[in-house]
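# Inside the fold
As a plain string of letters, each chain reads:
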Amino acid sequence: MHPRLGLLALTLAVVLAGGLLPALSDAAAKNGLSRGSLVQKAGKGGCIVDRSTPKQGCAAARALKGPGPFMGSRAIALSPNGQNVYVASSGSDAIASFVRNKRSGNLTQRKRTRGCISAKGNNGCAKAIGMDGPNSLAVSPNGRNVYATSRDSSSITVFRRNKSTGALKQLPPGSGCIADLPLPGCAPGRALSGADVVTISPDGRNVYVGSFFGSAVAIFNRDRSTGALSQPADTTGCITDALTTGCTQGLALSSPEGMAISRDGENVYVATAVSNAVLSFSRDPSTGVLTQANDGSGCIVESPLTSCTTGSNVSGANAVAVSPDDRQV
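Nothing here was measured: the structure is a model prediction, and the numbers come from that model.

Rules used in this analysis
Residues numbered from 1 in each chain as written. Predicted model: local features only at pLDDT ≥ 70, side-chain atom pairs only at ≥ 80, totals over all residues. Heavy atoms only, no water. Disulfide = S-S within 2.5 Å. Buried < 20%, exposed > 50% of the residue type's maximum accessible area, 1.4 Å probe, protein only. Patch = residues over 30% accessible without salt bridge, like charges linked within 9 Å, V, L, I, M, F, W, Y side chains within 5 Å. Areas by Shrake-Rupley, 256 points an atom, 1.4 Å probe, with all protein chains shown as cover. Salt bridge = Lys/Arg side-chain N within 4 Å of Asp/Glu carboxyl O. Lys, Arg positive; Asp, Glu negative; His and termini not counted. Charge placed at Lys NZ, Arg CZ, Asp CG, Glu CD. Helix = DSSP H or I, 4+ residues; strand = E, 2+ residues; numbered from the N terminus. Contact = heavy atoms within 4.5 Å. Phe/Tyr/Trp six-rings, centres within 6.5 Å; stacked < 30°, edge-to-face > 60°. Core = buried A, V, L, I, M, F, W, Y, C linked by side-chain atoms within 4.5 Å. Pairing = 2+ DSSP bridges. Polar contact = N/O pair within 3.5 Å; in protein donor to acceptor, adjacent residues only side chain to side chain.

## Observations regarding the state of the cysteines
What the rule picks out here adds up to five disulfides. Put simply, Cys 177 and Cys 186 are joined by a disulfide, and their sulfur atoms are 2.1 Å apart. Because the torsion about its S-S bond is 90°, the bridge between Cys 177 and Cys 186 counts as right-handed. Here Cys 186 falls in the buried class, since its relative accessible area comes to 13%. Shown here is the disulfide that connects Cys 238 with Cys 247, its sulfur atoms set 1.9 Å apart. Its torsion about the S-S bond being -85°, the disulfide of Cys 238 and Cys 247 is classed as left-handed. Here Cys 238 and Cys 247 have matching classes, each one buried.

## Re a positive patch on the surface
A cluster of basic side chains, namely Arg 110, Lys 111, Arg 112 and Arg 114, defines a positive patch on the protein surface. Locating Arg 110 in the fold gives a position in the loop between strand S9 (107-108) and strand S10 (116-118). On the accessibility criterion, Arg 110 (31% relative accessible area) is partly exposed.

## A word on the side chain of Ser 255
With respect to the helices and strands, Ser 255 occurs in the loop between strand S23 (248-249) and strand S24 (256-261). Here Ser 255 is in contact with Phe 212, Ser 215, Ala 271, Thr 272, Ala 273 and Val 274, once residues within four sequence places are set aside.

## Comments concerning the packing of aromatic side chains
Throughout the structure, instances matching the rule amount to one aromatic pair. Between Phe 212 and Phe 213 the ring centres are 5.3 Å apart and the planes differ by 85°, which places this aromatic pair in the edge-to-face class. Given the relative accessible area of 9%, Phe 212 is considered buried.

## Re the nonpolar core
Grouped burial of nonpolar side chains is what soluble globular proteins tend to show. Judged by nonpolar contacts, the single largest core of 20 residues is most densely connected at Tyr 147, Ile 156, Val 207, Val 209, Phe 220 and Leu 229. Those elements that place two or more of their residues in this core are strand S14 (155-161), strand S18 (195-200), strand S19 (206-211) and strand S20 (216-222). Sequence-distant contacts of Leu 229, that is, excluding residues within four places in its chain, are made with Tyr 147, Ile 156, Val 158, Ile 178, Val 207, Phe 220, Asn 221 and Arg 222. Residues Tyr 208, Met 259, Cys 299 and Cys 308 belong to the second largest nonpolar core, which totals 18 residues.

## Observations concerning the pairing of S18
Burial analysis of S18 places six of its six residues in the buried class, the great majority of the element. Pairing of S18 with S19, which is carried by four bridges, proceeds in the antiparallel orientation. By the bridge assignment for S19, Val 198 is matched with Val 209. Where S18 folds back on S19, the antiparallel hairpin that results is connected by five residues, among which Gly 204 adopts a positive phi of roughly 75°.

## Brief notes about the environment of Ser 262
Of note, Ser 262 is situated in the loop between S24 and strand S25 (267-272). Exposure remark for Ser 262: the relative accessible area of 3% places this residue in the buried category. In this structure, the C-alpha to C-alpha distance between Ser 262 and Pro 324, residues 62 residues apart in sequence, is 8.2 Å. Each residue touching Ser 262, except ones within four places of it in the same chain, is listed here: Pro 202, Asn 267, Tyr 269, Val 322 and Asp 326.

## Here's the deal with the pattern of salt bridges
According to the stated counting rule, one finds two salt bridges in the structure shown. Here Asp 152 ties to Arg 151 by a salt bridge, and the two come within 3.2 Å at their closest N and O atoms. For Asp 152, a relative accessible area of 44% corresponds to the partly exposed category. We note a salt bridge from Arg 283 to Asp 203, for which the minimum N-O separation is 3.1 Å. With Arg 283 in strand S26 (residues 277-283) and Asp 203 in the loop between S18 and S19, the pair connects residues that are 80 residues apart, well separated along the chain. Here Asp 203 falls in the partly exposed class, since its relative accessible area comes to 26%.

## Observations concerning the environment of Thr 165
Along the chain, Thr 165 turns up in the loop between S14 and strand S15 (168-170). Relative accessible area serves as the criterion here: at 13%, Thr 165 is assigned to the buried category. Taking the C-alpha atoms as reference points, Thr 165 and Asn 84, 81 residues apart in sequence, are found 8.5 Å from one another. Sequence-distant contacts of Thr 165, that is, excluding residues within four places in its chain, are made with Gln 83, Asn 84, Val 99, Arg 110 and Arg 114. Polar side-chain contacts of Thr 165 include one of 3.1 Å to the backbone nitrogen of Ala 167.

Okay, here's the thing in structure tokens:
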């Protein structure tokens, strides 16, 4: 994400899907809007800004400075039950937590430590380690855990989610943080330099992290009962753009910013900003291991590259998504 797109506000919009919010759908119809159009909610229901930069007509919240500046294609995440919204706020070194009204879509931040968690415990937030410059989030399929990558800590942090309140609590030292840097309380990890995007397999068995500065994908096994992560010690634990000791070498992996997994869990797709490419990896559901083909099907690049297919308009690729039917990316 380019610096000019980094926002200091979380802006809310309601999708006018038929039957979801009838009153809004009727209003949209009267105004000539088509099904699926977006209408921003009026007043404080339509925008939330950090309380340090108040804006007339918007609600104020804590720990909401700078979601997604420069990096962070997934700075916002929704819990599977639709009850909570989480925002990675790089400028606040924090994750802001909101309770979502399922009918209206309005967000409310709980008081004190239930409403945010930060590196220094500022703004009345709970305190976390290894969370300098958080930029992307992922919630586990079972809703029990939230994972955050942090650019400046070169880390991935692990939180237990309270399903009733939505509050986050970091797992104990040693399991609550894995970092590429020697940080107190964090376990050592590989291929996490400038950790950017994070995603979880549909079966909840694996967590994958795109490392912007490390030009790599780090691979973790996930304990589905506790949420704790472990990185394989052999070369299956990471894939890098260059030949690196302890990692598998991949193609066109310079500076990954976007990542998505197919719903069947059989493929992982990565958008790389500096390689100007979209990559495809086959995933072994039983082990989580990723394999990239070298017959041209493993990468589509802007400029010709051996073992990749040449495409168009993928320069600076920084985000990727898979259609619900797994047919398009």
